[in-house]
Amino acid sequence: LMRDYSILYQITGQEGFKKIALEIAEYLLENLYNTEKCCFYGSQDADEEYYQLPIEERKRRRPPLVDDTIYTNKNCTASYAFIVSGKILNDSRLIETGIKVLDFVVEKALVDEGLYHYFSGEQGFLPGLFIDIPPAAFALIEGTEVSGDSRYPDALERIIKWTVDNLYDGKS
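Residues numbered from 1 in each chain as written. Predicted model: local features only at pLDDT ≥ 70, side-chain atom pairs only at ≥ 80, totals over all residues. Heavy atoms only, no water.

Engineer: Would you explain the packing of helix H1 (residues 2-12) against helix H5 (residues 72-89) in this entry?
Structural biologist: Packed helix pairs are characterised by how far apart their axes lie and by the angle those axes make with each other. Between H1 and H5, the shortest axis-to-axis distance is 8 Å and the interhelical angle comes to 20°. The orientation of H1 with respect to H5, classified from their angle, is roughly parallel. Of the two possible hands of crossing, H1 and H5 adopt the one that is left-handed. Here Met 2, Arg 3, Ser 6, Ile 7, Tyr 9 and Gln 10 of H1 lie close against H5, whose contacting residues are Tyr 80, Ala 81, Phe 82, Val 84, Ser 85, Ile 88 and Leu 89. Along the lines of polarity and charge, the residues of the contact of H1 with H5 split into nine nonpolar, three polar and one charged. (Axes fitted to C-alpha atoms, helices over the stretch in contact; angles between N-to-C directions. Helix = DSSP H or I, 4+ residues; strand = E, 2+ residues; numbered from the N terminus. Parallel < 35°, antiparallel > 145°, perpendicular 65-115°, else oblique. Left-handed = near helix turned anticlockwise from the far one by under 90°. Contact = heavy atoms within 4.5 Å. Nonpolar A, V, L, I, M, F, W, Y, C, P; charged D, E, K, R; others polar.)

If you want it as structure tokens, here you go:
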């Protein structure tokens, strides 16, 4: 949604769309971002009662629980959204966050068996699922464009090679 509201702002120039995009970024950074690992957790429990409270009252209550599973596809999607939104909104902090998340993916999730699908603690699980590949490709392309870091096209090449070698059947 952050990327979509950023694009709406780009198309219309309406400040309200920019405001919403930045509020989404703040929510993600405040509630789901792990600053030590530079990645996003999987989700936060939906608690309608909590989110209907005024902000000051919310600060006094315990927030809904966060699932600390780290999903590669969601982190790649977040990286892509932060980079694209940062470019559109001219916000270097968003771009930097997207790059940090992308670095996590390249350094931790990319293995010889493809990409780990998720992490629990420090351990990666379920490498080689296709669901992680398209969002990784989009994020790596955007990361290359904004940073020029040669690790990103190298990582993308590894992912594509692994995909062709392991998922392409050649018969269809």
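Once you've had a look at it, read on.
Engineer: Whenever I open this one, a nonpolar patch on the surface confuses me. Can you help?
Structural biologist: There is a patch of nonpolar side chains on the surface, built from Phe 125, Leu 126, Leu 129 and Ile 131 and spanning about 340 Å² of accessible area. Residue position: Phe 125 is located in strand S9 (residues 123-125). Its relative accessible area of 33% is what places Phe 125 among the partly exposed residues. (Patch = residues over 30% accessible without salt bridge, like charges linked within 9 Å, V, L, I, M, F, W, Y side chains within 5 Å. Areas by Shrake-Rupley, 256 points an atom, 1.4 Å probe, with all protein chains shown as cover. Salt bridge = Lys/Arg side-chain N within 4 Å of Asp/Glu carboxyl O. Buried < 20%, exposed > 50% of the residue type's maximum accessible area, 1.4 Å probe, protein only.)

Engineer: What should I look at first to understand the packing of H5 against helix H6 (residues 92-109) in this one?
Structural biologist: Two elements in contact, H5 and H6, have axes separated by 7 Å at closest approach and are oriented at 155°. Our classification of the angle between H5 and H6 gives roughly antiparallel. In terms of crossing hand, the pair formed by H5 and H6 is left-handed. Listed contacts from H6 to Thr 72, Asn 75, Cys 76, Ser 79, Phe 82, Ile 83, Ser 85, Gly 86, Lys 87 and Leu 89 of H5 are Leu 94, Ile 95, Thr 97, Gly 98, Ile 99, Val 101, Leu 102, Val 105 and Ala 109.

Engineer: I tried to follow the environment of Tyr 27 on my own but got confused; where do I start?
Structural biologist: Its location among the elements puts Tyr 27 in helix H2 (residues 15-31). Sequence separation of Tyr 27 and Thr 12 is 15 residues, and the distance between their C-alpha atoms is 24 Å. Setting aside residues up to four positions removed in sequence, Tyr 27 forms contacts with Leu 32, Gln 44 and Tyr 51.

Engineer: Whenever I open this one, unusual backbone geometry confuses me. Can you help?
Structural biologist: The general pattern is negative phi for most residues beyond glycine and trans for most peptide bonds. Residues other than glycine seldom take positive phi values, yet Cys 38 does so here, at roughly 60°. Mapped onto the fold, Cys 38 is located in the loop between strand S1 (33-34) and strand S2 (39-40). Looking at Cys 38, the relative accessible area reads 19%, which means it is buried. The phi torsion at Asn 90 lies on the positive side, around 55°, for a residue other than glycine. As for its position among the elements, Asn 90 is in the loop between H5 and H6.

Engineer: Can you walk me through the nonpolar core in this structure?
Structural biologist: With 44 residues, the main nonpolar core has Phe 40, Phe 82, Leu 115, Leu 140 and Ile 159 as its most contacted residues. It is H5 that contributes the most residues to this core, nine residues altogether. Those residues within four positions of Phe 40 in sequence are excluded, and the remaining contacts are Leu 28, Leu 29, Leu 32, Tyr 33, Thr 69, Ile 70, Asn 75, Ala 78, Phe 82, Thr 97 and Val 101. (Core = buried A, V, L, I, M, F, W, Y, C linked by side-chain atoms within 4.5 Å.)

Engineer: Would you take a moment to explain the packing of aromatic side chains for this structure?
Structural biologist: Given two aromatic rings, their pairing is described by the distance between the two centres and the angle made by the two planes. Evaluated as defined, the whole model comprises nine aromatic pairs. Relative to Tyr 118, the ring of Tyr 71 has its centre 6.1 Å away and its plane inclined at 40°; by these criteria the two rings are tilted. Taken as a pair, Tyr 71 in strand S5 (residues 70-71) and Tyr 118 in strand S8 (residues 118-120) lie far apart in primary sequence, 47 residues in all. Looking at Tyr 71, the relative accessible area reads 22%, which means it is partly exposed. Members of the aromatic cluster, connected to one another through ring pairs, are Tyr 33, Phe 40 and Phe 82. Against the face of Tyr 50 rests Arg 58, its NZ or CZ located 5.9 Å from the ring centre. The aromatic ring of Tyr 71 is capped on one face by Lys 74, whose charged end is 5.1 Å from the ring centroid. (Phe/Tyr/Trp six-rings, centres within 6.5 Å; stacked < 30°, edge-to-face > 60°. Lys NZ or Arg CZ within 6 Å of the ring centre and 35° of its normal.)

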